[in-house]
Each structure stands twice: as C-alpha cells, then as structure tokens.
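For reference, the chains in residue letters:
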Amino acid sequence: MIKHLPIRRLCAALAAACGLLGAAAASAAERAFIIPPPAADLSKDSATQEKAVIAGGCFWGVQAVFQHVKGVSGAVSGYAGGQAATANYDAVSSGRSGHAEAVEITYDPSQVSYGQLLQIYFSVAHDPTQLNRQGPDYGTQYRSAVFPANDSQRKVAEAYIAQLNQAGVYPKALATTIEPLQAFYPAEGYHQDYLVRHPNSMYIVVNDIPKVENLAKTFPDRYRDKPVLVNENGK
C-alpha cells in the first residue's frame, strides 16, 4: 500500500522537479478580498493576552500571515476539531480525524481586536468561500473554520459572517463554519515557522508568500515586517 501523501507535498515535489510554474503560477495565487471591518467587535480595553483559533487551509500560510500582524505575540500551527489521539500530521492528512489544520493566535486586545483578526482572516489569510479546500489542497482538514474560545468570540464571528454574506463582496456565500473549541494541539516542530525556514519552496512561493504580501498591501497599518516566530532563532 502506498502511504497517503498530502496534496501540497505532491504539488511542491512536482513543481520543484520540473521547475515550470514560475511567474504564471504566482499570478494564479489567491487574491485578497477587500471587505468592511466587523460591525460588532470585542472591547480593546483588556490588558491581558487573548487567544483566537482559526482554520483556513494549509496552516503554513495562515501562520505566516498572523506572524506579521501587529499586536500578535504568537501564532502556532496545529490541529483543532478532533481528539488528542489523532492530533498528528499523518492522521489529520487522512481527512478522517475530524481535525482541521488550525492556527492558535495569541494577541494583545489593546493593540488588535478579535474582529480585526477576523477581518484579516477573511480577507487575506484564505478564501472563505471554498468548501473543504484551499488552492491545491482538499479535504475536511483544510476547511474554513472558526473555533471561538468563548461565547463573546462566537457572537462576533457569527455576526461578521452574516455581515459579509450580506455585503456581497464575495462571489458566493462563505463556507466558514463555527465550531466548538474542545482543545488546540500544536503541530509537529517541523511545521512551525515553515515559511521563514523554507522561503524558496515552490509551494510557499506560489501559495503563501502572496498572502503575506497581500497583508502588507491591504492592511499596511496592521503589518509588521519582522514576524514573531515560534522558534525565535528561525531554525
């Protein structure tokens, strides 16, 4: 039996082998959606660090985006939606674990609000209209999902999804689900800071670097050039 190979690994391997993607593939990278800020948001008066867990396809690119957001002190790739026993890459890649590839964001609400994080998430971190896929990756593990940490986050997320669907800024309705956060499980070490450690990977060049570039262009006041890393030495 041939061991399951996640589609992004296969795409990256083929691209590296043939070297034929180039500028044409880069131009096909997903675009940013220009969307309004949330009408309902949480207070920015809190002095304590808060956490937000979101999923939007491959966690390499989502992590990289939020590592460049001002007010974020940590962004960790991991798994949410399933059980502890299947919180590993092989099990999650099967698409049968119930997990989504997710990112846990630690942020200072006095600098960036939960709603502002969601605006970045729905605008440049992924395409929320795609059902159980992002770009070349498909399966329930790549679903668009928000995992609220509390009832307040849930209400903001629900209201924002409804607002965006009514705004007509997307070609179709959002596929994003709101799911209970039972636990977040950090992914294996080799997944952390992946874009920083593998900037020349064809998968990263085509699918993920454009996300960070879109963040800088679309939210210049929210963007910081130096990312906050899980491993501060970048290794």
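Since we're looking at a predicted model, the values are computed, not measured.

What counts, and at which threshold
- Residues numbered from 1 in each chain as written.
- Predicted model: local features only at pLDDT ≥ 70, side-chain atom pairs only at ≥ 80, totals over all residues.
- Heavy atoms only, no water.
- Helix = DSSP H or I, 4+ residues; strand = E, 2+ residues; numbered from the N terminus.
- Contact = heavy atoms within 4.5 Å.
- Areas by Shrake-Rupley, 256 points an atom, 1.4 Å probe, with all protein chains shown as cover.
- Salt bridge = Lys/Arg side-chain N within 4 Å of Asp/Glu carboxyl O.
- Buried < 20%, exposed > 50% of the residue type's maximum accessible area, 1.4 Å probe, protein only.
- Pairing = 2+ DSSP bridges.
- Phe/Tyr/Trp six-rings, centres within 6.5 Å; stacked < 30°, edge-to-face > 60°.

This paragraph deals with the overall build of the chain. Per the secondary structure count, the chain includes 8 helices and 8 strands. Long-range pairs, those at least 24 residues apart, make up 82% of the contacts in the chain between residues at least 6 apart in sequence. Accessible area of the chain: about 10700 Å², with a carbon and sulfur share of 57%.

Our next topic: the pattern of salt bridges. Enumeration according to the criterion identifies 5 salt bridges in this entry. Ionic pairing is found between R143 and E179, a salt bridge with its closest N-O pair at 2.8 Å. With a gap of 36 residues between them, R143 in the loop between β5 (137-138) and β6 (144-147) and E179 in the loop between β7 (177-178) and β8 (184-186) connect regions that are remote in the sequence. When sorted by exposure, R143 lands in the same class as E179, which is buried.

Let us now look at the pairing of strand β2 (residues 72-80). Within β2, 7 of the 9 residues are buried, which leaves it mostly tucked inside the rest of the structure. Both β2 and strand β3 (residues 100-107) contribute to a ladder of 8 bridges, which runs antiparallel. Bridge pairing in β3 places A80 opposite A100. The pairing of β2 with β8 spans 3 bridges and is classified as antiparallel. Directly across from Y79, in β8, lies its bridge partner Y185.

Taken as a whole, this structure holds 6 aromatic pairs when the rule is applied. Judged by centre distance (5.8 Å) and plane angle (50 degrees), the rings of F59 and Y79 are tilted. Of this pair, F59 sits in helix α3 (residues 59-67) while Y79 sits in strand β2, placing them 20 residues apart in sequence. This pair shows no difference in class: F59 is buried, exactly as Y79 is. For the ring pair W60 and Y203, a centre distance of 5.5 Å and an interplane angle of 90 degrees mean the geometry is edge-to-face. A residue pair is termed long-range when its members are at least 10 positions apart, and W60 in helix α3 and Y203 in helix α8 (residues 202-218) qualify at 143 residues.

Summarising burial for β3: 8 of the 8 residues are buried, a large majority. The sheet contact formed by strand β1 (residues 50-56) and β3 spans 6 bridges and is antiparallel. Bridge pairing links I54 to V103 in β3.

Among the 9 residues of α3, 9 are classified as buried, and the element is accordingly described as predominantly covered. All buried positions along α3 are accounted for by F59, W60, G61, V62, Q63, A64, V65, F66 and Q67.

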